Structures are given as C-alpha cells and as structure tokens.
Amino acid sequence: MVEIVKNIEGIRSRLPMSVELVAVSKTHPVEYILEAYSCGQRIFGENKVQEMDQKHEALKDSCPDIKWHLIGHLQTNKVKYITSYVDMIHSVDSLKLLQEIDKHAKKDGRVIKCLFEMHIASEETKFGLDRDELVQILESQEFKLLQNVKICGLMGMASNTDDTEKVRMEMRSLKETFDFVKKNYFAKDLDFREISMGMSSDWKIAIQEGSTMVRIGSTIFGKRIYAVNSK
Ligand SMILES: *Cc1c(COP(=O)(O)O)cnc(C)c1O
C-alpha cells in the first residue's frame, strides 16, 4: 500500500512556505488523486493530454478546485483539448505553441498561466529552449500581441544523474536565466515569479537553488508502472 497522505505530509514539512508542491499523478489512478486531495493537495501534474483530460472529466464535479498542470511536452494540435480547464502549462517551448495556446484560450474566454521550458540538462533528448531562443521569442512582435496567456516564469529538468553537483549547476543556470529574463523583460510584472524545478530525486537541491515549484511523483505515489508499448 502506498501511504500517499503520509508521503505528502513528509514533503510538506520540509518545503518552505514559498514553494508550491505539484503532485505528479501521471500513470496513477483517480483514487490516488482523491487520497492526495483528502489532505489538501490541489495542484496535480500530468504529462499527457489524453490522460489529463480523462482525470479532469472524472473529477471535475467532485473536486472542482483541482488545479491541473500540464508538465509534459505539448503538441500544438492537442492544445484545444485542455484550454477550457488547464491551470498552468509548464512546457511551452516555442512561439508557435504559445500562439496556439493563446488562440484557444481566447475562444474559451480564459487567460492561461504558462512557463517557458528551458533546456538545462546535457542530455540531448530533453525538450526546451536555450536563452537565445527565449530572448528571440520575448522580443518578437508576435509575442507582444498575445493576450490570453500569462507568462509566470520558467521550468527546467536537470540531468538524470547521481552527480548532484552537476544537477546543482544545471539548476543554478536556470535560476540565472530566470533572473536575467526577470530583470530585462518582466521587471515590473509580479506574476513572473515561478521557477519550476525539482523532482523526486532532486527537489531538495532545487529548493536550495531557488525553486518555487517542485514537481514530485514517485515519492508521493510510488513507482510508476507503464503499460507495454506506451511511454
Ligand atoms: C514525471 C515527471 C516529474 C516527476 O517525476 P518523479 O521522479 O516521479 O518525481 C516531474 N516533472 C516532469 C516534467 C515529469 O514528466
């Protein structure tokens, strides 16, 4: 049995007040989410549109105050499925995607909180922007026209390694990019304040390096079991 409430309370007791906990419920059943909900957890992170949709549908009446955060890669053709309810999208990695989110958010009469996903790991496979690409987006005319997205900060995933110094340096680089972007583009914008970094293996380092949102899955819900032939 997974002791979800105990796990959440254990993490909470070590989180500074200023850091939000995103409970990453991907691959886990709705019952697990309900258990986390019972001890006050409200933000849940999912990495697939279809799975998040199904869980939102199952829980929207009984738990209308759940905040759904999309943390995984988002394809532009799937944006339309989530803009009516998603609270925050952590994984914006192109202007085209941001424009698509803006377009559908407008249709749904909403403003959607977004984070730019930055590429900080040395692994080639991870998604995300580098600093120059982000600056290019922020300086574009197209970006300035967007009205239905609210840029709240940056997200990053450190390398999956036991080398904690490497993880720390990658996280530090995300904090530095955040400070640079804040100073040059969002100095007066109080909403630009989030640094989403830290997972089960590295959230304690992430907090030391300035994280404001940790995304924790297995430490709360246990190991994920993936179906054969799916990622
Ligand atoms: C799965 C996932 C997490 C949580 O991973 P754990 O190691 O289970 O805590 C965090 N962030 C992203 C983007 C993920 O896909």
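Just above, that's the structure.
Reading the values: the criteria
Residues numbered from 1 in each chain as written. Predicted model: local features only at pLDDT ≥ 70, side-chain atom pairs only at ≥ 80, totals over all residues. Heavy atoms only, no water. Core = buried A, V, L, I, M, F, W, Y, C linked by side-chain atoms within 4.5 Å. Buried < 20%, exposed > 50% of the residue type's maximum accessible area, 1.4 Å probe, protein only. Contact = heavy atoms within 4.5 Å. Near = heavy atom within 4 Å. Polar contact = N/O pair within 3.5 Å; in protein donor to acceptor, adjacent residues only side chain to side chain. Areas by Shrake-Rupley, 256 points an atom, 1.4 Å probe, with all protein chains shown as cover. Nonpolar A, V, L, I, M, F, W, Y, C, P; charged D, E, K, R; others polar. Axes fitted to C-alpha atoms, helices over the stretch in contact; angles between N-to-C directions. Helix = DSSP H or I, 4+ residues; strand = E, 2+ residues; numbered from the N terminus. Parallel < 35°, antiparallel > 145°, perpendicular 65-115°, else oblique. Left-handed = near helix turned anticlockwise from the far one by under 90°. Salt bridge = Lys/Arg side-chain N within 4 Å of Asp/Glu carboxyl O. Pairing = 2+ DSSP bridges. Right-handed = clockwise from strand over helix to strand, strands pointing away. Phe/Tyr/Trp six-rings, centres within 6.5 Å; stacked < 30°, edge-to-face > 60°.

**Remarks on the nonpolar core**
In step 1: Residues Ile101, Phe116 and Phe143 are the most contacted members of the largest nonpolar core, which totals 63 residues.
In step 2: In contact with phenylalanine 116, not counting residues within four places along its chain, are His90, Val92, Leu98, Leu129, Leu134, Ile137, Leu138, Phe143, Ile151, Gly153, Leu154 and Met155.

**What about the site of the ligand?**
In step 1: Close to the ligand lie Val24, Lys26, Ile71, Met157, Met199, Ser200, Arg215, Ile216, Gly217, Ser218 and Arg224, which account for all nearby residues.
In step 2: Note that an oxygen atom of the ligand is positioned 2.6 Å from one of the side-chain N or O atoms of lysine 26.
In step 3: In the environment of the ligand, a nitrogen atom lies 2.9 Å from a nitrogen or oxygen atom belonging to the side chain of arginine 215.
In step 4: Bound to the protein, the ligand loses 91% of the 390 Å² it would expose on its own.
In step 5: For the shell around the ligand, a count of residues per class yields five nonpolar, three polar and three charged.

**Considering the packing of helix α1 (residues 4–12) against helix α2 (residues 30–38)**
In step 1: The geometry of α1 relative to α2 is characterised by a closest axis approach of 9 Å and an angle of 50° between their N-to-C directions. As judged from the angle between their axes, α1 and α2 are oblique. Considering only the axes of α1 and α2, their crossing is right-handed. Counting all contacts with α1, which are made through Ile4, Val5 and Ile8, the residues of α2 involved are Tyr32, Glu35, Ala36 and Ser38.
In step 2: For the contact of α1 with α2, the per-class residue count stands at five nonpolar, one polar and one charged.

**A short note on the pattern of salt bridges**
In step 1: Applying the stated criterion across every chain yields a total of 15 salt bridges.
In step 2: For lysine 6, the salt bridge is made with glutamate 3, and the minimal N-O distance between the two is 3.4 Å.
In step 3: Of the residues examined, lysine 6 reaches a relative accessible area of 54% and is grouped as exposed.
In step 4: With a closest N to O distance of 2.6 Å, glutamate 57 and lysine 60 form a salt bridge.
In step 5: Several salt bridges converge on common partners, so that one network encompasses Glu165, Arg168, Arg172 and Glu209.

**Focus: the packing of helix α5 (residues 131–139) against helix α7 (residues 164–185)**
The description of two helices packed together rests on the angle between their axes and the distance between the axes.
In step 1: Taken N-terminus to C-terminus, the directions of α5 and α7 make an angle of 20°; their axes are 12 Å apart at the nearest point. As summarised for this structure, α5 and α7 are arranged roughly parallel, according to the angle between their axes. In the packing of α5 onto α7, the handedness of the crossing is right-handed. Note on element contacts: α7 touches α5 through Glu176, Thr177, Phe180, Val181 and Tyr185, opposite Arg131, Leu134, Val135, Leu138 and Glu139.

**Remarks on the side chain of histidine 56**
In step 1: Structurally, histidine 56 is set in helix α3 (residues 49–59).
In step 2: The residues touching histidine 56, leaving out its near neighbours within four places in the chain, are Trp68 and Tyr85.

**What to know about the pairing of strand β8 (residues 213–216)**
In step 1: Burial along β8 is two-sided: Met213 and Arg215 and Val214 and Ile216, pointing in opposite directions, are all buried.
In step 2: Pairing analysis gives four bridges linking strand β1 (residues 20–24) to β8, with the strands arranged parallel. Each residue of the ladder has a partner; that of alanine 23, found in β8, is isoleucine 216.

**Remarks on the pairing of strand β5 (residues 112–118)**
In step 1: Taken across its seven residues, β5 has six buried, putting it largely inside the fold.
In step 2: Of the strand pairs in this sheet, strand β4 (residues 88–92) and β5 are connected by three bridges, and their pairing is parallel. Counterpart to valine 92 in the pairing with β5 is phenylalanine 116.
In step 3: What joins β4 to β5 is helix α4 (residues 95–107), and the crossover it makes is right-handed.
In step 4: The pairing of β5 with strand β6 (residues 149–156) spans seven bridges and is classified as parallel. Counterpart to glutamate 117 in the pairing with β6 is methionine 155.

**Here we look at the packing of aromatic side chains**
In step 1: Applying the stated rule across the entire model yields five aromatic pairs.
In step 2: Look at phenylalanine 44 and tryptophan 68: their rings are 6.2 Å apart centre to centre, the planes differ by 45°, and that puts the pair in the tilted class. One end of the pair, phenylalanine 44, is in strand β2 (residues 43–46); the other, tryptophan 68, is in strand β3 (residues 67–70), with 24 residues separating them in the sequence.
In step 3: Residue class for phenylalanine 44 comes out buried when judged on its relative accessible area of 0%.

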